[in-house]
Amino acid sequence: MSDPRPIGVFDSGVGGLTVAAALMDRLPNESIRYLGDTARLPYGTKSPTTVQRYTEKNVGFLIDREVKAVIVACNTASALALDGFHADVPVWGVIEPGADAAIAVTRGRVGVIATESTIAAGAYRTALSRRRPELDIHSQACGLFVPLVEEGWQDDEITETVARRYLAPLLDADIDTLVLGCTHYPVLIPVLSRIVGSDVRLVDSAASTAEAVAEGLRANQLEAPSDHRPEHHFFATDTAERFARIASTVCRRPITLEHVDV
């Protein structure tokens, strides 16, 4: 059994492109339909009810385009909208795979950085504690990171100053692992690595999510045929030109982009 239909991926903006890129690397025969909900960015300061409504609309948009599965490549939406969520196709979030990746490398002291909503929901703390109750977990909301990434300022000295201020309490707590609890944050890995140093492992959920999806597709007999030639299509609800530029860089290939209303 095989299924050539595309995989749907959505995020509030460009952050989920790191997940899309990981999927392309791990599953080179699979087509991707990516939705960046840039008109409603950021999700991290929105109420749970609002995030749930956006998530339902975005998943519905992708299902209307005949995807066979959906990855919610947004930590805020994964934290606030997936509990009890039902769809006609398999749906994966990014928090559980991210927690698995952190458990695999930590020595016992984990820092989590994420949006305000994700931290308030306690999703990573819950997922990590469920796996290892004895973990010492420290969380920090980093509300400015998403707009800085969306602005393309990941290499700016302002971003490094902001990051040092956010990370100071976690470094004071002597963390050994730092979970990047927002899919925008891997874009900041160079600056984050400089600040935390080589003794702290950075955990990006993109690769672990791609692995979870690969296993899920195989278990559900939804893998594309081995000779399938993938076609990737990207949608954005606003700022399409900048989105296209960033998407081409993150995904390491030219992209086809369409502006849509959702």
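Residues numbered from 1 in each chain as written. Predicted model: local features only at pLDDT ≥ 70, side-chain atom pairs only at ≥ 80, totals over all residues. Heavy atoms only, no water.

Q: Outline the packing of aromatic side chains, supporting the account with residue identities and numerical values.
A: Aromatic ring pairs: the centre-centre distance and the angle between the two ring planes describe each pair. In this structure the tally under the stated criterion is 6 aromatic pairs. Aromatic pair Tyr-34 and Phe-243: ring centres 5.9 Å apart, planes at 35 degrees, arrangement tilted. You can see Tyr-34 sitting in strand β2 (residues 32-36) and its partner Phe-243 sitting in helix α11 (residues 240-251), a full 209 residues away along the chain. An identical accessibility class is assigned to Tyr-34 and Phe-243; each is buried. Geometrically, the ring pair formed by Phe-145 and Tyr-166 is edge-to-face, given 5.1 Å between the ring centres and 90 degrees between the ring planes. (Phe/Tyr/Trp six-rings, centres within 6.5 Å; stacked < 30°, edge-to-face > 60°. Helix = DSSP H or I, 4+ residues; strand = E, 2+ residues; numbered from the N terminus. Buried < 20%, exposed > 50% of the residue type's maximum accessible area, 1.4 Å probe, protein only.)

Q: Describe the sheet that holds strand β8 (residues 201-204), naming the residues involved and giving the relevant values.
A: A sheet is described by the order of its strands in space; here 4 strands give the open sequence β6-β5-β7-β8, paired in parallel fashion. Lying at the two open borders of the sheet, with one neighbouring strand each, are β6 (136-141) and β8. Averaged over all neighbouring strand pairs, the angle between strand axes comes to 20 degrees, with direction disregarded. With 6 bridges joining them, strand β5 (residues 109-114) and β6 adopt parallel strand pairing. Paired with Val-110 across the strands is Ile-137, a residue of β6. Strand contacts of helix α4 (residues 95-105): β7 (177-180) and β8, with the helix running at about 160 degrees to β8, the strand carrying the most contacts. (Pairing = 2+ DSSP bridges. Axes fitted to C-alpha atoms, helices over the stretch in contact; angles between N-to-C directions. Contact = heavy atoms within 4.5 Å.)

Q: Could you give an account of helix α2 (residues 48-64), with specific residues and numbers?
A: Between its first and last C-alpha, α2 extends 24 Å over 17 residues, near the 24 Å set by a 1.5 Å rise per residue. Among all positions of α2, only Thr-50, Val-51, Tyr-54, Thr-55, Asn-58, Val-59, Phe-61 and Leu-62 are buried. Down the axis of α2, the sector holding all buried residues measures 160 degrees, keeping them to one side. Exposed residues on α2 whose side chains face more than 90 degrees from its buried face are Thr-49 and Asp-64. Of the surrounding secondary structure, the elements contacted by the buried residues of α2 are β1 (7-11), β2, β3 (69-72), α3 (75-81) and β9 (233-236). Immediately beyond the C-terminal end of α2, within one or two residues, lies Glu-66, with a positive phi of roughly 60 degrees. (Expected span 1.5 Å × (residues − 1). Arc of directions from axis to C-beta.)

Q: Can you explain the environment of Ile-95? Please cite residues and give values.
A: Mapped onto the secondary structure, Ile-95 falls in helix α4. With relative accessibility at 6%, the residue Ile-95 sits in the buried group. Ile-95 sits 92 residues away from Asp-3 along the chain, and the two C-alpha atoms are 26 Å apart.

Q: Could you give an account of α11, naming the residues involved and the relevant values?
A: Between the first and last C-alpha of α11 there are 16 Å, a value that for 12 residues agrees with the 16 Å anticipated at 1.5 Å per step. Considered for burial, the residues of α11 that qualify are Phe-243, Ile-246, Ala-247, Val-250 and Cys-251. Viewed end-on, α11 has its buried residues packed into an arc of 115 degrees, placing them on one side of the element. What points out from α11, more than 90 degrees from its buried face, is the exposed set Glu-241 and Thr-249. On the buried face of α11, the contacting elements are α1 (17-26), β2, α7 (145-150), β9 and β10 (257-259). Backbone geometry just after α11 places Arg-252 at a positive phi near 60 degrees.

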